[in-house]
Amino acid sequence: MGVVRSEKTLEARYLGRRMGALSRLKECARLVGAGLASPALALRGDSVREVLFVLASRWAQVQGPYAQLHESR
């Protein structure tokens, strides 16, 4: 989760990508979609780990950048 949130923080700080309401809504939809796709992911080799990684990544995207780090100094 830290890697995804750090990436979002760098994008916000240096590329000017902001996490608005529409972006957060899209990320929530992606999280729900990943949850619904979990049974399909369970067919892969290391199913529990795969499902947890995908859900953790989507949850980190919903949370967005670290607020205290992306503000310009």
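Attention here is on the structure that accompanies the text.

Criteria and cut-off values
- Residues numbered from 1 in each chain as written.
- Predicted model: local features only at pLDDT ≥ 70, side-chain atom pairs only at ≥ 80, totals over all residues.
- Heavy atoms only, no water.
- Helix = DSSP H or I, 4+ residues; strand = E, 2+ residues; numbered from the N terminus.
- Buried < 20%, exposed > 50% of the residue type's maximum accessible area, 1.4 Å probe, protein only.
- Contact = heavy atoms within 4.5 Å.
- Salt bridge = Lys/Arg side-chain N within 4 Å of Asp/Glu carboxyl O.

**Concerning the environment of Gln 61**
- If you trace the backbone, Gln 61 turns up in helix α3 (residues 47–63).
- Overall, the relative accessible area of 12% leaves Gln 61 in the buried class.
- Separated by 42 residues in sequence, Gln 61 and Met 19 have C-alpha atoms that sit 9.7 Å apart.
- Residues in contact with Gln 61, not counting those within four places in the same chain, are Val 4, Lys 8, Met 19, Glu 27 and Arg 30.

**Considerations on the pattern of salt bridges**
- Under the counting rule described, the total for this entry stands at three salt bridges.
- When the shortest N-O distance is used, the salt bridge between Glu 27 and Arg 30 registers 3.7 Å. Highlighted residues: Glu 27 and Arg 30, both in helix α2 (residues 21–41), separated by three residues, approximately one helical turn.
- Linked through salt bridges whose partners overlap, the residues forming this network are Lys 8, Glu 27 and Arg 30.

**Some words on the environment of Arg 13**
- Here Arg 13 lies in helix α1 (residues 2–14).
- Since its relative accessible area comes to 28%, Arg 13 is described here as partly exposed.
- Along the backbone, Arg 13 and Ala 42 are 29 residues apart, and their C-alpha atoms lie at a distance of 36 Å.

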